[in-house]
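# Coordinate inspection notes
Here is what each chain is made of, one letter per residue.
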Amino acid sequence: MIKSKEIAECVGLWLAEGDNKTDREITFTNNCFELIIFFSENIQQLYKGHNKPRIYVYSPTEKILIKKLGNFVVRNYVDKRANRTYFIFKLADVEFVKKWRSLVNSMKNQDEYYSDILRGIFAGEGNIKHDLKNHNSRNVRIAS
């Protein structure tokens, strides 16, 4: 069963941290592995093709973090510029990318999905800043 609320959150994640320029694959990058898994599980509910999703792990050290993960193709790389490990989810399928973009545009134009899309954008790009000097100060920020 496809859960439209979760798909709308994935739309927000993709809008915040995805590559919307390529026509050949769906790409989502984040340093939170739980978000990568959430995104991949929901995208795979929609995807009926045969291509295996890939997860690329970029770490500032040579330590192998993930060797195998379900039906994913996993590749580990060293990125000396990275402050912390980050992950890239990729699913290559030109026809599915067309369907995904159509779904994204459709959901962006429906009021009922605004809060779920915003939740995804915030999960991908947002943070809450606490001012330690002024205990009553909290800032909600979305960086891009």
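Residues numbered from 1 in each chain as written. Predicted model: local features only at pLDDT ≥ 70, side-chain atom pairs only at ≥ 80, totals over all residues. Heavy atoms only, no water.

### Considering the pattern of salt bridges
- Under the defined criterion, the tally for this structure stands at seven salt bridges.
- Overlapping salt bridges, with partners in common, bring together Glu-9, Asp-116 and Arg-119 in one network. (Salt bridge = Lys/Arg side-chain N within 4 Å of Asp/Glu carboxyl O.)

### A few points about the packing of helix H1 (residues 4-17) against helix H3 (residues 94-108)
- One way to put it is that H1 packs onto H3 with a least axis distance of 10 Å and a crossing angle of 100 degrees. With respect to each other, H1 and H3 are oriented roughly perpendicular. Residues Ser-4, Ile-7, Ala-8, Cys-10, Val-11, Trp-14 and Leu-15 of H1 pack against Trp-100, Arg-101, Leu-103, Val-104, Met-107 and Lys-108 of H3.
- Partitioned by chemical class, the residues of the contact of H1 with H3 number ten nonpolar, one polar and two charged. (Axes fitted to C-alpha atoms, helices over the stretch in contact; angles between N-to-C directions. Helix = DSSP H or I, 4+ residues; strand = E, 2+ residues; numbered from the N terminus. Parallel < 35°, antiparallel > 145°, perpendicular 65-115°, else oblique. Contact = heavy atoms within 4.5 Å. Nonpolar A, V, L, I, M, F, W, Y, C, P; charged D, E, K, R; others polar.)

### Description of the pairing of strand E2 (residues 54-59)
- Most of E2 is tucked away: five of the six residues are buried.
- With six bridges joining them, E2 and strand E3 (residues 73-78) adopt parallel strand pairing. Of the residues in E3, the one forming a bridge with Ile-55 is Val-74.
- Two elements, E2 and strand E4 (residues 86-92), share five bridges in a ladder whose sense is antiparallel. The partner of Tyr-56 across the bridge, within E4, is Ile-88. (Buried < 20%, exposed > 50% of the residue type's maximum accessible area, 1.4 Å probe, protein only. Pairing = 2+ DSSP bridges.)

### Re helix H2 (residues 33-46)
- Here H2 contains 14 residues, and its C-alpha end-to-end distance of 20 Å stays within 8% of the 20 Å for a straight helix at 1.5 Å per residue.
- Taken together, the buried positions of H2 are occupied by Leu-35, Ile-36, Ile-37, Phe-39, Ser-40, Asn-42 and Ile-43.
- Where H2 is buried, its residues meet H1, strand E1 (25-30), E2, E4, H3 and helix H4 (114-125). (Expected span 1.5 Å × (residues − 1).)

### As for H3
- Compared with the 21 Å implied by 1.5 Å per residue over 15 residues, the 21 Å span of H3 between its first and last C-alpha is a close match.
- Taken together, the buried positions of H3 are Phe-96, Val-97, Trp-100, Val-104 and Met-107. Taken down its axis, H3 places every buried residue within 100 degrees of arc, on the same side. Facing away from the buried side of H3, by more than 90 degrees, are the exposed residues Lys-98 and Lys-99.
- Looking at the buried positions of H3, the neighbouring elements they touch are H1, E1, H2, E4 and H4.
- For H3, the N-terminal cap is Asp-93; the gap from its side-chain oxygen to the backbone nitrogen of Glu-95 is 3.1 Å. (Arc of directions from axis to C-beta. Polar contact = N/O pair within 3.5 Å; in protein donor to acceptor, adjacent residues only side chain to side chain.)

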